[in-house]
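Spelled out, the chains give:
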Amino acid sequence: MVLARVEGLTYRHPEAERPALEDVSLELHPGELVCVLGPSGSGKSTLLRALAGLVPHFHGGSFVGRVELGGRDTRRARPSELAGMVASVFQDPEDQVVFTQVENEVEFGLENLGVPPTEIPRRAREALGAVGIGRLAMRRTPELSAGELQRVCLAAALALRPQLLLLDEPTSQLDPAAAAGLLELLAELDATVVVSEQRPARPLEHCDRVLFLEAGRLLLDAPRETALEWLAANRPAYLGRSRSDHREAPVTGDPILVMDEVAYSYAENRGVGPSSLELARGEVVALAGPNGSGKTTLAKLAAGLLEPQQGEIVRGGRPAYLSQDPGRYVVAERVDEEVALGVGGDHERARAALHTVGLTGYDDRHPRDLSSGERERVALASVLVTDPELLVLDEPTRGMDPERKNALAQLLRREAAKRATVVVTHDLRFAADVADRLVALGAHQEAVVAA
Amino acid sequence: MNPVPAAALLGGLAVAALLADRTASVAVIAAILLAFCFRAPRRRRWPYLVGTLASGLVLFLLSPLLGSYGGVVYWEGPSIPVLGRLDVTSNELEEALYQGLRLIAVGLAFAAYALLLDHDRLMQAGGWLRRSVLAIALATRLFPTLERDAAGYVEALRGRGVAVEGLRGRARLLSPLLAGSLERSLNLAESMEARGFGRPGRTRAPRAAWRPIDRVAVVAAALLVVGGVLWF
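This one's a predicted model, so the numbers in the text were calculated from it and none came from an experiment. (Residues numbered from 1 in each chain as written. Chains lettered and ligands numbered in written order. Predicted model: local features only at pLDDT ≥ 70, side-chain atom pairs only at ≥ 80, totals over all residues.)

1. Some details on the overall build of chain A
Applicable threshold: The way it works is that DSSP assigns letters per residue, a run of H or I at least four long becomes a helix, a run of E at least two long becomes a strand, and they are numbered from the N terminus. Counting other C-beta atoms within 10 Å of a residue's C-beta gives its exposure: the residue is buried at 20 or more, exposed at 12 or fewer, and partly exposed in between, where C-beta atoms are placed from the backbone. By the criterion used throughout, residues are in contact when their C-beta atoms, derived from the backbone, lie within 7 Å.
Looking only at helices and strands, chain A features 15 helices and 19 strands. Along the first, second and third principal axes, the C-alpha set of chain A runs to 65 × 50 × 40 Å. When each of the 451 residues of chain A is scored for burial, the buried share is 56%. Pairs at least 24 apart in sequence give 70% of the contacts found in chain A among residues at least 6 apart.

As structure tokens, this is what we get:
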């Protein structure tokens, strides 16, 4: 029995030069957990949207081939008609939330599907409980962290009890424990689940099948074991085989950052408790910890974007901070102008920075026309171009494929001697590749030097 | 409290403040509304309180200069074309206090509405007007979202050593803010369609039944309006 079938799908976005998907054919069977891998911009998100009927209905463009869901041709059924049979969670949770209260948000889809009113609250509560945020039911969505919001979106999708669940990087903002819990939950679902991931280690442990897309073409569609062999031979980075080797002792120089018992609290009781951290030139430190543990607050304090309410910070050099939202680096109309903002419009340096992050030739593109992974690299170039002595990167690998992560790790290691570097990350594999030390913030916001 | 009677109560207080003749009555209503507003978290309430109180203060300071109500003259200033002679009298001060407090009371009623009510439930109470009220609910979120986005852009620029200062510096953010809100609206529309919005046969989650306090609030709202007309 086939739940969904894609036949010879070639899709081109409006005004795009090349197709986002090219001659893609596949079948999805009930109960399968399918992992979709591939570089940034390879067509993973477009494939998920095609399976939900959003491509072409919502996005327009040229669509050749056929996609069937439960025997229905997606060109003839509107996405809203397919809702319920299929549910989607997109990459950016902030752009998906309709209501201001968590419970209402989860109930929204159930109401649209015409679920009997008496069932709606129970199903909403069950879904919230399943993703571990039952306690947030009455909270306001604008006050949630990105990781919490991502789980709200997952709950909203799970509440629909879909036959096909499409998840576009659902763990990108979750801490490792939450991500592991989510993947275990997905593996237990009766539904067919298609997960696009850039942290593939755990999905590869749980999935039944792997799809690998590159430049819109489906290079691999194979059961897990076969796929692991293929990945080992062709794309080892996806198996977490790092090419970075920095096991030698770090070359440390003058102190660049000394944080002594600093604390900062927001009005809604989030923030970071008294924490101390020291970094010398040449050191790369990874900051890890659960969602809401205060990593971003500590990073902003380190970079001087927040003033501590308690404690003292001494910096021995000029800081720069990379926000975890690459959507904040779209102020200018062209990529090179965006990157040059930090160096007074010096386009020469901007081009060099773009080359460093692998975006040579992107100078005249509009930042909003880029994929999420490419935007992340523009953001990185915008910060690296300033040549800071203290570099603070907040989730720099979000939306970045494993090969790019390796390249970033190598870049940070190569340039480590120039500065002190703080990397906030949920990606412990990346942390192991790039950092000399891991500082783990506990759930109660105390700083613990782990290794 | 259910948001519908709560909104009715706030509306009743605002209407009573507008209808009341006595300054003391308006002051009491404003004090009650201020007490409501203090139930909101400090970080969220201060822009509303500062904006409302500042507006009332400006009205109190300007209206004696512009109005002409007679009474004991406390201060006399220059004569200005069109406006005439500037002066401050006892009657003008009383009238300015009354008008300032009315403005503050209405502003505080709106602040309490914005800060304390569950807007989702209030909008959902619209029933058959659901599509329109959802559009209104999303539109009312535009400004807080733009405010948050602007803060994000400023922070990202500061993070790479670019200071955002003055009108010109902030004006640079207008274009990305507009483009960002358009992009966000498309993403939201896509998400809503993917969750079945617009499909026929929708249902509504059961709402909590009105408690006695909700009924009392509605009666109190009606009494406030009547009181505003007859007694205050």
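Read on, since the account is not over.
2. Some points on the nonpolar core
Residue and element names in this part refer to chain A. Selection rule: Residues enter a nonpolar core if they are buried, belong to Ala, Val, Leu, Ile, Met, Phe, Trp, Tyr or Cys, and are joined to the set through C-beta atoms within 7 Å.
By size, the foremost hydrophobic cluster in this structure holds 86 residues, and its most contacted members are Leu51, Val86, Val152, Ala155 and Leu164. Considering every element that reaches this core, the biggest residue donor is helix 6 (residues 146-158), with nine residues. Not counting residues within four places of it along the chain, the set of residues in contact with Leu51 comprises Ala4, Val67, Leu69, Val86, Leu164, Leu166 and Val194. With 65 residues, the next largest nonpolar core counts Leu277, Leu391, Val422 and Val423 among its residues.

3. Quick notes on unusual backbone geometry
Residues and elements named next belong to chain A. That bond from Val55 to Pro56 is cis: its omega, 10°, falls within 30 degrees of zero. Counting through the fold element by element, Pro56 comes out in helix 2 (residues 54-57). Even without being glycine, Asp23 reaches a positive phi, approximately 50°. Relative to the assigned elements, Asp23 resides in strand 2 (residues 21-28). Positive phi, close to 50°, is recorded for Glu169, a residue that is not glycine. The exposure class assigned to Glu169 is buried, which follows from the 22 C-beta atoms found within 10 Å.

4. With respect to the interface of chain B and chain A
Inclusion rule: Classification convention: Asp, Glu, Lys, Arg as charged; Ala, Val, Leu, Ile, Met, Phe, Trp, Tyr, Cys, Pro as nonpolar; all other residues, Gly among them, as polar.
Taken together, the 41 residues of chain B in the interface contact 51 residues of chain A. Looking at the side of chain B that touches chain A, the elements that each hand over two or more residues are helix 3 (42-66), helix 5 (119-124), helix 7 (142-158) and helix 9 (174-194) of chain B. It is helix 9 of chain B that contributes the most residues to the side of chain B that touches chain A, 12 residues altogether. In terms of residue class, the side of chain B that touches chain A is made up of 14 nonpolar, 11 polar and 16 charged.

5. Details of helix 5 (residues 120-130) of chain A
An α-helix turns once every 3.6 residues. As a result, residues three or four positions apart point the same way. All names here are of chain A. Just so we agree on the cut-off: The arc under discussion is defined with respect to the helix axis, by the directions toward the C-beta atoms.
Restricting attention to buried positions, one finds in helix 5 the residues Ile120, Arg123, Ala124, Ala127 and Leu128. The arc enclosing the buried residues of helix 5, seen along the axis, measures out at 135°, which places them on a common side. Where helix 5 is buried, its residues meet helix 4 (102-112) and helix 6. Positive backbone phi, at 80°, marks Gly132, one or two positions downstream of helix 5.

6. Some thoughts on the pairing of strand 1 (residues 4-12) of chain A
Residues and elements named next belong to chain A. Rules: Here, strands pair whenever DSSP counts at least two bridges between them.
Direction of pairing for strand 1 relative to strand 4 (residues 62-69): antiparallel, over a ladder of seven bridges. Each bridged residue has a counterpart across the sheet, and for Arg12 the counterpart in strand 4 is Ser62. Where strand 1 and strand 2 come together, five bridges link them in antiparallel fashion. The residue of strand 2 that forms the bridge with Tyr11 is Leu21.

7. As for the environment of Glu261(A)
Residue and element names in this part refer to chain A. Summarising the element assignment, Glu261 is placed in strand 11 (residues 255-265). Once the C-alpha coordinates of Glu261 and Pro308 are considered, the two residues, 47 residues apart in sequence, prove to be 9.5 Å apart. With residues up to four places along the chain from it excluded, the contact list for Glu261 reads Pro274, Ser276, Gln310 and Gly311.

8. Focus: the sheet that holds strand 10 (residues 217-223) of chain A
Picture the strands of a sheet paired through backbone hydrogen bonds; they go either parallel or antiparallel. Residue and element names in this part refer to chain A. Let me state the cut-off plainly: Each axis is a line fitted through C-alpha atoms, taken for helices only over the stretch in contact, and angles between the N-to-C directions span 0 to 180 degrees.
Taking strand neighbours across the sheet as the criterion, the six strands line up as 6-7-8-3-9-10 in an open arrangement whose pairing is mixed. The sheet is open, and its two borders are formed by strand 6 (86-89) and strand 10, each paired with just one other strand. This sheet shows a mean twist of 15° between the axes of neighbouring strands, independent of strand direction. Pairing of strand 3 (residues 33-37) with strand 9 (residues 209-214) involves four bridges; the strand directions are parallel. Across the sheet, the residue bridging to Cys35 is Val210, located in strand 9.

9. Quick word on the sheet that holds strand 4 of chain A
All names here are of chain A. Pairing is antiparallel across the open sheet formed by four strands, whose spatial order is 2-1-4-5. Edge positions in the open sheet fall to strand 2 and strand 5 (72-73), since each of these has one partner strand only. Two strands pair when backbone bridges link them, and strand 4 and strand 5 are joined in this way by two bridges, in the antiparallel orientation. Bridge pairing in strand 5 places Glu68 opposite Asp73. Against the sheet, helix 1 (residues 44-51) makes contact with strand 1, strand 2 and strand 4, and its axis sits at roughly 125° relative to strand 1, the strand it touches most.

10. Some remarks on the environment of Ser80(A)
For Ser80(A), the location among the structural elements is in helix 3 (residues 79-82). Between the alpha carbons of Ser80(A) and Gly8(A) there is a distance of 24 Å; along the sequence they are 72 residues apart. Once residues lying within four places of it in the same chain are set aside, the contact partners of Ser80(A) are Glu193(B), Gly196(B), Phe197(B), Gly198(B) and Arg199(B).

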